[in-house]
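What the coordinates show
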Amino acid sequence: MAKYIVETYYTCTFKVKHYLDDISNKQLDQLDKKDDGEYEILDIKFDKRNTKSLEKKTDNVEINLSESVESVKNKNQNTPSKNVILNNAFKESITKRFSMPDRRKGYIQKATIGDHKVYLHTGEYEDGKIGEIFIDTSKEGELVKALMNNFAIAVSLGLQYGVPLDEFVNAFISTKFEPSGKVEGNDRILSASSILDYIFRELAISYLNREDLAHTPLIINKDIQEENDQNNEEHNQFIKLVKNITSKGFVRNNYRKKLVDLSDIKLNLKGKKK
């Protein structure tokens, strides 16, 4: 008879694909109720593990909680196949690289820090999540350019292996080295203590909505927002279609504001003008 119970908690991120013959409000509203989707596990994170004694003894029992997922799997070979699949997916997610699509979205931001021009290139997955960066600088020697290029490659590999952008932002924000000072060409960042401070400040604002790292406030036209709310259903449907072809970082998650100039253009669901 078992003497202990082990409770393991995971956080799972997965993607569901549905293939539709047509797109309509009714189809989109009932999409979550359809059971014909293709599921793909993107990430599984180990949260915590609790071990409890099933015995009625009051003696203190020391239990080692540092067992790996693989050791727990070997000790519990009689567990249901669903748990085995989950453990395998967890193990594979640690070493699996999610490569970028051949044709991808992204944006280029040019800025000047001191007398140095910096070009930041980004690449995104289909869902808008950032997956790579490229850094070009001017007035730098071959050594510095090579270091910056290889640093961008290292960050890109980390992103593709599942390292959250938050980790890079927290690591490189407020780093100090030259060039530094006033920033020109960026509407949200006015100064930076280094190139890395500027780059990850820009990425945090564009992809993580980190308004606390911006030097200028986000301006939203309330009249336009109220007008959009009145046509909420039609506008939200239009935004869903545009998200598939628009860079999330370029619009900085603010699709409503960037689509103001398109408010007078009405498209049907097949993409033809009325």
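This one's a predicted model, so the numbers in the text were calculated from it and none came from an experiment. Along each chain, the written sequence defines residue order, and numbers are assigned to residues from 1. With pLDDT at 70 or above as the cut-off, local features in this predicted model cover only qualifying residues; side-chain atom pairs require 80 or more to be listed or tallied, and sums for whole chains, interfaces and linings still use all residues. To obtain the side-chain values, all non-hydrogen atoms of the structure were used and water was disregarded.

**Concerning the overall build of the protein**
Here is the rule: Helix and strand assignments follow DSSP, with helices taken as H or I runs no shorter than four residues and strands as E runs no shorter than two, numbered in order from the N terminus. For every residue, the accessible area obtained with a 1.4 Å probe (protein chains only) is divided by the maximum for its type, and the residue is called buried under 20%, exposed over 50%, and partly exposed between those limits. Whether two residues are in contact is decided by their heavy atoms: any pair within 4.5 Å suffices. Under the convention used here, a 1.4 Å probe and the Shrake-Rupley method define accessible areas, while residue burial counts only the protein chains that appear.
What the protein contains, in helices and strands, is 10 helices and 7 strands. Put simply, the protein has 274 residues, and 28% of those count as buried. Considering only contacts within the protein whose residues lie at least 6 apart along the sequence, 58% involve residues at least 24 apart. Split by element, the accessible area of the protein, about 18,800 Å² in all, is 50% carbon and sulfur.

**Quick word on the pairing of strand β5 (residues 130-137)**
Put simply, the rule is: Two strands form a pair only when DSSP identifies at least two bridges running between them.
β5 sits mainly inside the fold: 6 of its 8 residues count as buried. Looking at chain direction, strand β4 (residues 116-124) and β5 are connected through 7 bridges and run antiparallel. The residue bridging H121 from the neighbouring strand is F134, located in β5.

**A word on the nonpolar core**
Across soluble globular proteins, nonpolar side chains show a tendency to be buried alongside one another. Just so we agree on the cut-off: Think of a nonpolar core as a cluster: buried Ala, Val, Leu, Ile, Met, Phe, Trp, Tyr and Cys residues, connected wherever their side-chain atoms sit within 4.5 Å.
I133, I135, Y198, I199, F200 and L203 are the most contacted members of the largest nonpolar core, which has 31 residues in total. Contributing elements (two or more residues each) for this core: β3 (108-113), β4, β5, α4 (142-160), α5 (165-172) and α6 (195-208). With sequence-adjacent residues up to four places away left out, L203 is seen in contact with Y107, L120, T122, I130, I133, L165 and L208.

**Quick word on the packing of α4 against α6**
The angle between the axes and the distance between the axes are what describe a pair of packed helices. Put simply, the rule reads: Every angle, taken between N-to-C directions, lies between 0 and 180 degrees, and every axis is a line fitted to C-alpha atoms, over only the stretch in contact when it is a helix. Crossing handedness follows the turn of the near helix against the far one: under a right angle anticlockwise gives a left-handed crossing, and clockwise gives a right-handed one. Gly falls in the polar group here, along with every residue not listed as nonpolar (Ala, Val, Leu, Ile, Met, Phe, Trp, Tyr, Cys, Pro) or charged (Asp, Glu, Lys, Arg).
In the contact formed by α4 and α6, the axes pass within 13 Å of each other and the chain directions differ by 35 degrees. Helix-helix and strand crossings are classified by hand; for α4 and α6 the assignment is right-handed. Seen from α4, the contacting residues are M148, F151 and V155; seen from α6, they are I195, L196 and F200. Tallied by class, the residues present in the contact of α4 with α6 amount to 6 nonpolar, no polar and no charged.

**Quick notes on unusual backbone geometry**
Put simply, E178 and P179 share a cis peptide bond, and its omega is 0 degrees. You can see P179 is positioned in the loop between α5 and β6 (181-184). Unlike most non-glycine residues, S174 shows phi in positive territory, near 75 degrees. Phi is positive for N209, close to 60 degrees, though the residue is something other than glycine. With respect to the helices and strands, N209 occurs in the loop between α6 and α7 (222-230).

**Notes on the pattern of salt bridges**
Oppositely charged side chains can form a pair if their charged atoms are brought close together. What counts is decided by this rule: Salt bridge, as applied in this entry: a Lys or Arg side-chain nitrogen positioned within 4 Å of an Asp or Glu carboxyl oxygen.
Evaluation of the coordinates by the stated rule reveals 8 salt bridges. Among the ionic pairs, E132 bridges to R104, the shortest N-O distance being 2.8 Å. Remark: R104 occurs in the loop between α3 (81-95) and β3 and E132 occurs in strand β5; sequence separation between them is 28 residues. The closest approach of N and O atoms between D197 and R201, which form a salt bridge, is 3.0 Å.

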